[in-house]
Amino acid sequence: MAGSIRGSDLAEHAASLERPASPLRARRWNVVRRAARARLAPFGAAVMLVAVLVALTAPLLAPYDPLAQNLGNTLARPGRAHLLGTDSVGRDVLSRVIWGTRVSLLAGLVAVAIAVIAGSLFGIVAGYCGGRIDGLVMRLMDAVLSFPPLVLALALGAVLGAGLVGVLIALGVVYTPTFARLMRGQVLAIIARDFVEAARALGAPGWRIAWRHVVPNAINPIIVQASLSVAFAILAEAALSFLGLGIQPPQASWGSMINAGRGYLQQAPWIVFGPGAALFVTVVGLNFVGDAVRDALDPRTRG
Amino acid sequence: MTLDVKLGIKPGLAESWQQPDAKTVVFKLRRGVKFHDGTDFNAEAARFNFNRMKTEPKSVRKGEVASIDSVDVVDASTIKLNLKRPDAALLATLTDRAGMMVSPKVVQERGSELERNAKGAGTGPFEFVEWVKDDHILIKRNESYWNKQGGPYLDRIRYRPIPDDTVKLQSLQTGEIDVMDYVQPRDVAAVKADRNVVVVDVPSLADFAYQLNHMRPPFATRALRQAVALSLDLDQIVKGVWLNVGVPANGPIPPTSWAYDKSIPPIKRDLARARAKLAEGGQPNGFTFTMTTNNIPINVQEAEVIQAQLREAGITMKIKLADSATLIADGNNKNFEMISYQWSGRPDPDGNTYQFYKTTQGTSLNWSGISHPQIDALLDRTREVSSQAERRKLFSDLTKLLQEELPMVFIIHPIEPKAFSPKVQGYEPIPDGMMRFKDVWLQ
Amino acid sequence: MGRLVLRRLGSTVPVLLLVTAGVFLLLHLTPGDPIDVMMAESVDVTVKENLRRELGLDRPLYVQYATWMGRLLKADLGRSIRNGEPVIENVSRRLRPSLELALCAMAISLMIAFPLGIVCAVRRNTPIDRAGATFAVVGICMPNFLLALLLIFLFGVTLRWLPISGYTDPLDEPWNGLRSLALPAVTLGLALAAVVTRTLRSSLLEALAEDYVRTARAKGLSEWRVIWSHALKNALIPVVTVLGLQLGTLIGGAVITEYVFALPGVGRLVVDAVFARDYPLVQGVVLLIAVGFIVSNLIVDVLYGWIDPRIRSR
């Protein structure tokens, strides 16, 4: 559920229920799903492309300096001079939304990257070592999972100091268990395979087995999960900056812009709905892309 | 005692008072007043209260009554306060929380429960009914209130905490609530135009400022502090951020106070002088520092505007947002360079000055760490002297000195606009920030 | 079966230990302490020290942790520092609004998802189905703070049909109570509806493809009868589990909704407590939420294992 940080869990749960049991039905299902998604995946890809382009070309694309204040022209309506109007200190909303793309995309990518790296390490260690260590690591992951994510983010934010870094680390921590479980499952599945036994019998050291065999096979599900998680990480970053954590002024992220504009809803709703629309469209597009990636890579749904 | 609209001290529970000498205050207490639980309010009860304020381990009023050495009961309705030192600010303090008397019987019976259940404890026009935490406080009319002139007229009053300002305003506009304690500056214009709502501009006693840390660079250097002060355009801040819901500040004393000196202007922006000060302070090309402020929209806005203003002088300011707990911790530990400080204000100018600028060891509200012998002398003198005219002169001198030494950079004395449903009649705003409903009635 | 439950219960103990240690450590690392926050405008250092000593805040961390854990074993969650009341009372007082909100949100989500999910399954691959799928994605991707603001803007500012703040207990005043919960419940319910629609649709499709359904169709029963009497019952199981899992999140996690609509719920309680550094309250609530999460997961897994022996875990 959007706005709660672990939306990915729920969507995954729902998605997992869509996987049918028998292969025959699988084929029929995929026809259905592919047909339903046929129009959506290109849209998603287009959105992502636009987002990345906007983020990269922000300095060129933004009509105004996002930090340039103009106290004589505050809360201006959208018009020719300012396509999305101005905010409470006269800054151009459109330019801030454009520059905000960088923050949001970066937040999503970095948070998920942290989670993937940390989670994978935990997962590999747990899966490969087994026994007590496996138990300990998995208990740790369960503990993180049962911790209310917002409290975790707030507390970590206070400890690590205000700023984007604190939020990214907090989000990384929150998403780590998902990837840890995933990686561990992959490791266990692969270890059971014969060629690993053979490699071990031949005396190959553990880490090399992990590197050569486990990782390449695990990459697919990780990518699938990661692409879904990025969308939710972006939402989570927006939610946290809505609550006041994260990016420090005068920089803006979409969430902090919505928060700042909240008090002006009656007089100047464009301050809220400009970045709001950008956030929504980006997340929707990323979601479609994530679904498409899963369709393409997940062996279970492959026709 | 109580305050009138002009912040004059008027009789309340104390009918009259005299000061035979600088270290003694004799109060003649009103007779026939009862606490809400039926017990009498008398000299014994008053003494009990003062002792409780001084000696109770968890007493937050200790600092306010620190100058009182002992309290004598002269007769059933007269008490004598013996002071350790002259304290010209004491009377004004006793119009506030320190002067609010509670029933000794309730205190003794209820102990720490009193924090949550104040039934029968007070003497005012309304008495406590219930407190449902985070939902509401309910009070009802005191039928046996001693002041028969006028109210109380209202049957019951319910206080509801609503954390979101927009929601608060909309609740008023839809009629869900009748009174709103504070209208955000950004909503004032719209609310004033709304015919379903009445807005009263209450000038407050508050001063909003930023404390500068004198104990570490860069602001250990006075010239650099002055450079910052000279780079600020207070008019632009008050107009652009606060939308003129307030006036630029020349110091800690607000215009509502008798001690305010309007001949001292707020520091005017002067970029040329600012740059000269930068050079004088050894940073001709500007310098960088961090400002810590609270994570509230208007604070953030003000910080951003200040950041832009300082940039024009070549000073680079970074903004660090913190929640209240972190802000207070940083302030108390002097772990900041420039930090936001919003003081709600006290009726006597002493409350806006002494504890902030007097040299103090250890943790205190003197976050800047300023220690200036002349300022200390002035502050002490304002407490010793009793003539208001003399004190006013002293506070003027203090204000001028503060503009030089800059323990704080003063920004604004805000106005507190309060909004009412047109049904609410008879409200008299008093600048100390407390809303009194004794003479209020509903049409 | 029983062994599975016991094993799972056994593994929750170390998890809870980790959670308690984690929240304790994290909280005490944050700058500031509750006394400073409570007594911000006061200077009296001795009073503050007295308070700290009374609350045991001056002792070394491991002593404080041991004290708290000791109390915990006696089922005593301690008292909130801010208002001195037992943590349990603080939580239970806030539980009712949160619970009512959650239930209303679920009711709304079912009201939307039930017909929508069935229609999408029955008319799959038609424009209606695609619209349903789009709605599902929109619901999941819409940030709930944005949705809340949108609803306030539409219903509060423009139309003025519903109250946009405050909480009236529906058990006290049914009509006003439900009105006060309407907008927040819709905010939470729409997103939930999106997921439930998808879940219902896919599980219904699966149920409809089962053999016994084909048999029923062959017998000549009408399509509606088939759906209603046979397929739907089995299709509802995943839906119920999804809703059940969400109950925990809704209660502790609807913070933003509670803030924006000024509802005195559990989510706001714990966030305010973090800001006020009210250690016992935060620690207690986090523990309760963690326990709730673990227990609800366990129940769901057990139910699944009981219902479908095929997917009993190893």
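For the structure, check the block above.
Residues numbered from 1 in each chain as written. Chains lettered and ligands numbered in written order. Predicted model: local features only at pLDDT ≥ 70, side-chain atom pairs only at ≥ 80, totals over all residues. Heavy atoms only, no water.

**Q** Explain the interface of chain A and chain C to me, and be specific about the residues and the numbers.
**A** In this complex, chain A contributes 58 residues to the contact, which on the side of chain C involves 65 residues. Interface of chain A and chain C: buried area, both sides summed, is about 5,300 Å²; carbon and sulfur atoms make up 78% of it. At the surface where chain A touches chain C, the tally comes to zero salt bridges. Remark: the boundary between chain A and chain C carries zero residue pairs in polar contact (both at pLDDT 80 or more). Mapped onto the side of chain A that touches chain C, the elements with two or more residues apiece are α1 (7-16), α2 (23-38), α6 (131-146), α7 (149-160), α10 (206-242) and α12 (270-297) of chain A. Broken down by element, the side of chain A that touches chain C gets its largest block of residues, ten residues, from α12(A). (Contact = heavy atoms within 4.5 Å. Buried area = accessible area lost by both parts, 1.4 Å probe. Salt bridge = Lys/Arg side-chain N within 4 Å of Asp/Glu carboxyl O. Polar contact = N/O pair within 3.5 Å; in protein donor to acceptor, adjacent residues only side chain to side chain. Helix = DSSP H or I, 4+ residues; strand = E, 2+ residues; numbered from the N terminus.)

**Q** Can you lay out the pattern of salt bridges for me, pointing to particular residues and giving the numbers?
**A** All names here are of chain B. Counting across every chain of the model gives 43 salt bridges over all chains. The salt bridge involving arginine 269 is made with glutamate 312; its shortest N-O contact spans 3.2 Å. Residue arginine 269 is found in the loop between β13 (246-248) and α8 (271-280), and its partner glutamate 312 is found in the loop between α9 (297-311) and β15 (316-322); the two are separated by 43 residues along the sequence. Residue classification places glutamate 312 among the partly exposed residues on the basis of a relative accessible area of 47%. (Buried < 20%, exposed > 50% of the residue type's maximum accessible area, 1.4 Å probe, protein only.)

**Q** Could you give an account of the interface of chain C and chain B, with specific residues and numbers?
**A** How big an interface is tends to be expressed through the accessible area that disappears when the partners come together. In this assembly, 36 residues from chain C lie in contact with 34 residues from chain B. At the boundary of chain C with chain B, total buried surface from both sides reaches about 3,000 Å², with 56% on carbon and sulfur atoms. Where chain C meets chain B, there are two salt bridges. When residues of the side of chain C that touches chain B are traced back to their parent elements, those giving at least two are α2 (34-38), α3 (45-55), α5 (87-122), α7 (144-159), α11 (255-261) and α12 (266-275) of chain C. The element contributing the most residues to the side of chain C that touches chain B is α3(C), with six residues. Residues belonging to the side of chain C that touches chain B are distributed by class as follows: 18 nonpolar, seven polar and eleven charged. (Nonpolar A, V, L, I, M, F, W, Y, C, P; charged D, E, K, R; others polar.)

**Q** Describe the pairing of strand β8 (residues 136-141) of chain B, naming the residues involved and giving the relevant values.
**A** Successive residues of a regular strand alternate their side chains across the two faces of the sheet. Residues and elements named next belong to chain B. The pairing of strand β7 (residues 126-132) with β8 spans six bridges and is classified as antiparallel. Within β8, the residue paired with phenylalanine 126 across the bridge is arginine 141. Adjacent in sequence and paired antiparallel, β7 and β8 are bridged by three residues, among which aspartate 134 carries a positive phi angle near 65°. With four bridges connecting them, β8 and strand β9 (residues 156-159) associate as antiparallel partners. (Pairing = 2+ DSSP bridges.)

**Q** Lay out the sheet that holds β8(B) with the relevant residues and their values.
**A** Residues and elements named next belong to chain B. One open sheet accounts for three strands, arranged β7-β8-β9; its pairing is antiparallel. Unpaired on one side and paired on the other, β7 and β9 mark the two borders of the sheet. Averaged over all pairs of adjacent strands, the angle between strand axes in this sheet comes to 20°, irrespective of strand direction. (Axes fitted to C-alpha atoms, helices over the stretch in contact; angles between N-to-C directions.)

**Q** Please provide a residue-by-residue account of the nonpolar core, values included.
**A** Among the nonpolar cores identified, the biggest contains 144 residues, and Leu279(A) and Val282(C) are the most heavily contacted of them. Counting residues per element, this core draws most heavily on α10(A), at 14 residues. Once residues within four sequence positions are removed from consideration, Leu279(A) is found in contact with Ile234(A), Leu235(A), Ala238(A), Trp254(A), Ile258(A), Pro143(C) and Phe145(C). By size, the runner-up hydrophobic cluster in this structure holds 37 residues, among which are Trp242(B), Val300(B), Ala303(B) and Met338(B). (Core = buried A, V, L, I, M, F, W, Y, C linked by side-chain atoms within 4.5 Å.)

**Q** I'd like a description of α3(C), backed by residues and values.
**A** Listed in full, the buried residues belonging to α3(C) are Val47(C), Lys48(C), Leu51(C) and Arg52(C). Angular distribution of buried residues about the axis of α3(C) spans 135°; they occupy a single face of the element. In α3(C), those exposed residues whose orientation departs by more than 90 degrees from the buried face are Arg53(C) and Glu54(C). In this structure, the buried side of α3(C) is in contact with α10 (324-332) of chain B together with α2 of chain C. After α3(C) finishes, the residue Gly56(C) shows a positive phi value of roughly 75°. (Arc of directions from axis to C-beta.)

None of the figures reported here should be taken as evidence of function without further support.
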